[in-house]
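Read off the chains here:
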Amino acid sequence: MTFNISVHRSWWREHGPGCVRRVLPPSAHGMMDDYTYVSVTGCIVDFQYLEVIHSAVQILLSLVGFVYACYVISIFMEEEDTCRNK
C-alpha cells in the first residue's frame, strides 16, 4: 500500500478481476516504460479494496501460523516434560 505518497503503482490497479488493460501511445516525447500511458477499464472491484482484502488475508494467515507454531511448541515442551518424569 502506497497511500498515494509515491509514484509506485499498485499491481492490483492493472490486474484486478475483470480489468482490461490497454497501453496508450505516449502523446509527448518521454519514457516509453512510463505507467501513465496505461489505461484500465472494466474492473469489477476497485484496486484499493483488493489491496485491503489482500492485506487482511496475509494478516489472517500470519495469525493462524503463529497460533499453530505456539501449539507445536507446546506439544514439544509437553513431550520433553514427560521424558523427564520417567
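What you are looking at is a predicted structure, and each value in this text was computed from that prediction instead of being measured.

Here we come to the overall build of the chain. Helices and strands together make up the secondary structure of the chain, namely two helices and two strands. The order of α-helices and β-strands along the chain, N terminus first, is α-β-β-α. Within the chain, the proportion of its 86 residues that are buried is 12%.

The next point concerns a nonpolar patch on the surface. On the surface, Ile53, Val57 and Leu61 cluster together into a nonpolar patch covering about 290 Å² of accessible area. Summarising the element assignment, Ile53 is placed in helix α2 (residues 47-85).

Now for the packing of aromatic side chains. Scanning all chains against the criterion turns up two aromatic pairs. Ring centres 6.4 Å apart and planes at 35 degrees place the aromatic pair Tyr68 and Tyr71 in the tilted group. Taken together, the positions of Tyr68 and Tyr71, both in helix α2 and three residues apart, correspond to about one turn of that helix. Among the residues examined, Tyr68 registers a relative accessible area of 57% and is labelled exposed. On the basis of relative accessible area, Tyr71 is assigned to the partly exposed category, the value being 49%.

Cut-off values and rules
Residues numbered from 1 in each chain as written. Predicted model: local features only at pLDDT ≥ 70, side-chain atom pairs only at ≥ 80, totals over all residues. Heavy atoms only, no water. Helix = DSSP H or I, 4+ residues; strand = E, 2+ residues; numbered from the N terminus. Buried < 20%, exposed > 50% of the residue type's maximum accessible area, 1.4 Å probe, protein only. Patch = residues over 30% accessible without salt bridge, like charges linked within 9 Å, V, L, I, M, F, W, Y side chains within 5 Å. Areas by Shrake-Rupley, 256 points an atom, 1.4 Å probe, with all protein chains shown as cover. Salt bridge = Lys/Arg side-chain N within 4 Å of Asp/Glu carboxyl O. Phe/Tyr/Trp six-rings, centres within 6.5 Å; stacked < 30°, edge-to-face > 60°.

By themselves, these observations are geometric and do not establish any function.
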